[in-house]
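Results of the structural survey
Below, each chain spelled out in residue letters.
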Amino acid sequence: MIRSLQSLRFVFIYLVVISHFVNRTFDFGGECGVSFFFMLSGFVLSLANAGRIGQGTYSTRGLFMRQLFKVYPLHILTMAIMLVMEWRLGNDYSPMVLLTNVLLVQSWVPSDDFYFVANGSSWFLCDILFFYLLFRILFSCIMTMKRKEMIISVSAVAVVYILIMCVVPEQLVNPILYANPMMRILDFCIGILIYRLYRSSRAHTVRDALALMPSWRKTMIEVMLVISVCVLAFVYPELPHRIRTASCFWFVLPMVILYFALADDRGGMITQILHDKRLLWAGTISFEIYLIHIPVVRITDSIVAHTGFLADSDIANFFAYSIVLLLLSVITRRCFVNPLSNRMNVWYDKRKN
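This text gives an overview of the structure that appears in the document. (Residues numbered from 1 in each chain as written. Predicted model: local features only at pLDDT ≥ 70, side-chain atom pairs only at ≥ 80, totals over all residues. Heavy atoms only, no water.)

For the protein, the helix and strand inventory stands at 17 helices and zero strands. Each principal axis of the C-alpha distribution contributes one length, and for the protein these read about 60 × 50 × 50 Å. Taking all 353 residues of the protein together, the buried fraction comes to 49%. Of all intrachain contacts in the protein linking residues separated by at least 6 positions in sequence, the fraction that spans at least 24 positions is 80%. Surface summary for the protein: the accessible area is close to 17900 Å², and the carbon and sulfur share equals 67%. Seen as two clouds, the 31 positive and the 21 negative side-chain charges of the protein have centres 14 Å apart. (Helix = DSSP H or I, 4+ residues; strand = E, 2+ residues; numbered from the N terminus. Buried < 20%, exposed > 50% of the residue type's maximum accessible area, 1.4 Å probe, protein only. Contact = heavy atoms within 4.5 Å. Areas by Shrake-Rupley, 256 points an atom, 1.4 Å probe, with all protein chains shown as cover. Lys, Arg positive; Asp, Glu negative; His and termini not counted. Charge placed at Lys NZ, Arg CZ, Asp CG, Glu CD.)

Time to look at helix α13 (residues 252-262). Burial analysis of α13 places 10 of its 11 residues in the buried class, the great majority of the element. For α13, the full list of buried residues reads V252, L253, P254, V256, I257, L258, Y259, F260, A261 and L262. Contacts from the buried residues of α13 go to α1 (3-21), α2 (27-55), α9 (181-198), α10 (201-212), α11 (215-235) and α14 (269-274).

If you walk through the whole model with that rule in mind, you get seven salt bridges. For the salt bridge of R266 with D265, the shortest nitrogen-to-oxygen distance reads 2.8 Å. Taking relative accessible area as the criterion, D265 reaches 54% and is therefore assigned exposed. (Salt bridge = Lys/Arg side-chain N within 4 Å of Asp/Glu carboxyl O.)

Turning next to the packing of α1 against α2. One way to put it is that α1 packs onto α2 with a least axis distance of 7 Å and a crossing angle of 150 degrees. One finds that α1 runs roughly antiparallel with respect to α2. In the packing of α1 onto α2, the handedness of the crossing is left-handed. Contacts between α1 and α2 pair L5, L8, R9, F12, I13, L15, V16 and S19 from the former with G29, G30, C32, G33, V34, F36, F37, L40 and F43 from the latter. By residue class, the composition of the contact of α1 with α2 is 12 nonpolar, four polar and one charged. (Axes fitted to C-alpha atoms, helices over the stretch in contact; angles between N-to-C directions. Parallel < 35°, antiparallel > 145°, perpendicular 65-115°, else oblique. Left-handed = near helix turned anticlockwise from the far one by under 90°. Nonpolar A, V, L, I, M, F, W, Y, C, P; charged D, E, K, R; others polar.)

Here the focus is the packing of α9 against α13. Between α9 and α13, the least distance of the axes is 10 Å, while the angle of their chain directions is 35 degrees. The crossing of α9 and α13 is right-handed. Residue-level contacts link I190, I194, L197 and Y198 of α9 to P254, I257, L258, A261 and L262 of α13. Along the lines of polarity and charge, the residues of the contact of α9 with α13 split into nine nonpolar, no polar and no charged.

This next bit is on the side chain of Q106. Residue placement: Q106 occurs in the loop between α4 (95-102) and α5 (112-115). Owing to a relative accessible area of 0%, Q106 belongs among the buried residues under this scheme. Those residues in contact with Q106 that sit more than four places away from it in its chain are T100, N101, F114, Y115, S122, W123 and C126.

Okay, the nonpolar core next. Buried together is how nonpolar side chains tend to be arranged in soluble globular proteins. By size, the foremost hydrophobic cluster in this structure holds 99 residues, and its most contacted members are L5 and F43. F43 has contacts with I2, L5, G191, I192, I194, Y195, Y198, I257 and A261, leaving out every residue within four places of it along the chain. Among the nonpolar cores identified, the runner-up in size contains six residues, and M79, M82, A118 and I294 belong to it. (Core = buried A, V, L, I, M, F, W, Y, C linked by side-chain atoms within 4.5 Å.)

The backbone phi angle of L104 is positive, close to 55 degrees, even though this residue is not glycine. Its relative accessible area of 6% is what places L104 among the buried residues. In this structure, A118 takes a positive phi of about 50 degrees despite not being glycine. Positionally, A118 belongs in the loop between α5 and α6 (123-144).

Structure below.
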């Protein structure tokens with residue numbers, strides 16, 4: 001486990017949480033967090049499975065089923081909770097919308113009416129499960145390409161993406177550029193490219209240089225990375241909508257992931273902060289935080305609206321909400337996600353054998 005990245009999971013997942021808590025006045029948080037996790041998934045999967053792929057023991061079906069057992073029960077539970085709340089307000093969805101969300105294929109439909117309904121965060125699961133299915137092919141292609149082939153391929157993909165970005169109608173920018181798996185797979189591939197750089201000889205040279213570098217210099221590098229994310233957040237509202245959906249994150253976030261992966265055991269002050277046991281622990285429940293945070297926001301808003309409790313204090317309201325969210329995430333992981341996924345994995349292993 002790369003400890004710094006484990007803690008960054010919590011940092012970036014909370015950007016998503018904040019974006020939904022403040023009612024979309026912080027879109028940067030949600031879109032930055034999603035991009036980070038798509039890239040991190042490509043990197044982490046590569047790190048964990050490169051050896052198995054090389055040895056011929058990797059199983060696409062095995063990976064897909066393990067991840068499905070982990071995410072699907074909580075997806076159905078949170079979707080059901082949100083639907084009950086929607087129905088109480090007199091809102092309902094067509095059978096086709098519900099079916100696509102149950103089957104986790106909602107992001108393939110180019111319409112806001114499909115991919116962000118009920119527990120809208122679940123569109124992420126649709127994309128990431130698709131990436132798991134293609135991971136082995138993508139990993140093999142990216143890792144075996146020669147440098148010249150890589151430059152040509154990246155250039156061709158960039159040209160095609162720019163053309164699509166320019167011609168897609170405004171009403172389809174979010175459904176296609178932000179949510180569609182065929183577009184967001186580029187973030188995932190960037191994660192695999194980061195792994196390729198992480199394993200390169202140049203990365204070994206950088207790693208050795210970091211080991212010899214004074215702590216204050218490494219801290220300055222880390223501060224500059226943080227500043228670069230802050231600058232991006234500052235200019236983000238001024239960028240065209242088509243760029244804000246994903247591509248504006250393709251330059252800064254890879255540097256963040258690569259640096260903290262290389263500097264994990266030899267970094268500066270921010271790396272040491274990311275090694276704090278509490279942040280590492282919070283990183284372990286990032287999936288649960290992500291999937292239950294919208295229902296918790298809705299329930300919290302309802303309680304505030306009916307009781308007036310903390311209604312005049314946004315900071316206190318958010319603090320109370322965060323405590324509830326963290327507690328529920330721990331309970332959900334220990335009492336629901338882990339036991340159920342473990343049982344389903346045991347059933348799957350017995351059936352496979």
